[in-house]
Amino acid sequence: MMKKIEWSQKLAVGVEVIDGQHQQWIQRFNDVAAAIATQEGPVQIGKTLTFLVDYTRQHFATEEKIMTAAGYPDLPAHLAQHHELTQTLQDLLRDFEEEGATQKLAEIVGSYLRHWLINHIQETDRKFGAYAQQKK
Ligand SMILES: [Fe+2]
Ligand SMILES: [Fe+2]
């Protein structure tokens with residue numbers, strides 16, 4: 001069974017809009033994981049995957065706007081990480097459209113993607129949280 005991500009204080013960035021979006025984002029990730037784990041049909045898996053990809057774009061745009069407005073000096077490195085995941089998700093969606101819910105898709109979602117989300121929030125986004133905090 002694919003592990004869910006549980007939101008906790010360990011993932012709190014301390015910026016309300018961002019924390020709210022992260023909870024939504026995690027929910028969408030968990031929906032994809034559940035759809036794959038319970039072997040839903042391709043329509044349902046495709047739907048959850050598309051929701052996740054769309055929400056990721058929306059979330060990254062919001063975060064980048066907030067960071068730009070705050071004059072965040074680490075923005076370029078942060079943008080590079082966002083860009084990398086956007087690319088990975090695009091490839092994932094394309095592979096899914098071409099090959100369906102393969103074992104490889106399940107592995108990438110359950111391992112790579114899951115860790116990416118947790119690490120990015122816990123390390124990279126929280127770094128911005130600390131910066132925003134000390135700027136107050
Ligand atoms: Fe984020
Ligand atoms: Fe981020």
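In this report, the structure presented in the accompanying data block is examined. (Residues numbered from 1 in each chain as written. Chains lettered and ligands numbered in written order. Predicted model: local features only at pLDDT ≥ 70, side-chain atom pairs only at ≥ 80, totals over all residues. Heavy atoms only, no water.)

## Some remarks on the packing of aromatic side chains
A complete count under the given rule lists 5 aromatic pairs for this structure. Here the aromatic rings of tyrosine 72 and phenylalanine 128 are separated by 4.9 Å at their centres, their planes lie at 75°, and the arrangement is edge-to-face. Of this pair, tyrosine 72 sits in the loop between helix 2 (42-69) and helix 3 (75-99) while phenylalanine 128 sits in helix 4 (residues 103-135), and the two are 56 residues apart along the sequence. The buried category is assigned to tyrosine 72, whose relative accessible area is 7%. Put simply, the rings of Trp25, Phe60 and Trp116 touch in pairs and so form one group of aromatic residues. A cation over a ring is seen here: arginine 28 above phenylalanine 51, with NZ or CZ 5.2 Å from the ring centre. (Phe/Tyr/Trp six-rings, centres within 6.5 Å; stacked < 30°, edge-to-face > 60°. Helix = DSSP H or I, 4+ residues; strand = E, 2+ residues; numbered from the N terminus. Buried < 20%, exposed > 50% of the residue type's maximum accessible area, 1.4 Å probe, protein only. Lys NZ or Arg CZ within 6 Å of the ring centre and 35° of its normal.)

## Observations regarding the coordination of the iron ion (ligand 2)
When a metal carries six donors in an octahedron, the ideal angles between them are 90 or 180 degrees, while four donors in a tetrahedron ideally lie at 109.5 degrees. Looking at the iron ion (ligand 2), the protein donor atoms are Glu63 (OE), His78 (NE2), His82 (NE2), His120 (NE2) and Asp125 (OD), and they sit 2.0 to 2.2 Å from it. For the iron ion (ligand 2), all donor residues lie on one chain, and their spacing in sequence is E-x14-H-x3-H-x37-H-x4-D. Here the iron ion (ligand 2) and the iron ion (ligand 1) are spaced 3.4 Å apart, linked through glutamate 63, which binds each one. One exposure class covers both histidine 120 and aspartate 125, and it is buried. (Donors = N, O, S within 2.8 Å, 3.2 Å for Na, K, Ca; no water.)

## A look at the nonpolar core
Counting 39 residues, the largest nonpolar core has Trp25, Val109, Leu113 and Phe128 as the members making the most contacts within it. With 11 residues, helix 4 is the largest single contributor of residues to this core. Non-local contacts of valine 109, meaning those with residues more than four positions away in its chain, are made with Met2, Phe29, Val32, Ile36, Leu92 and Arg114. (Core = buried A, V, L, I, M, F, W, Y, C linked by side-chain atoms within 4.5 Å. Contact = heavy atoms within 4.5 Å.)

## Thoughts on the coordination of the iron ion (ligand 1)
Here the iron ion (ligand 1) is held by the protein donor atoms His22 (NE2), His59 (NE2), Glu63 (OE) and Asp125 (OD), which lie 2.0 to 2.2 Å from it. If you look at the iron ion (ligand 1), its 4 donor atoms make angles of 83 to 171° with each other, and the shape they trace is irregular. (Tetrahedral: all angles 85-135°; square planar, octahedral: opposite > 155°, others 65-115°.)

## Focus: the pattern of salt bridges
Taken as a whole and judged by the stated rule, the model has 4 salt bridges. Measuring nitrogen to oxygen at the nearest pair gives 3.9 Å for the salt bridge that ties aspartate 54 to arginine 57. A residue pair is termed a helical-turn pair when its members lie 3 or 4 positions apart in one helix, as aspartate 54 and arginine 57 do in helix 2 at 3 residues. We classify aspartate 54 as partly exposed; its relative accessible area is 39%. Its salt-bridge partner being aspartate 95, residue arginine 94 comes within 3.4 Å of it at the nearest N-O pair. One salt-bridge network, held together by shared partners, links Asp91, Arg94, Asp95 and Lys104. (Salt bridge = Lys/Arg side-chain N within 4 Å of Asp/Glu carboxyl O.)

## So, the environment of glutamine 44
As for its position among the elements, glutamine 44 is in helix 2. Remark: the alpha-carbon pair of glutamine 44 and aspartate 31, spanning 13 residues in sequence, is separated by 9.9 Å.

That is the geometry; function is a separate question.
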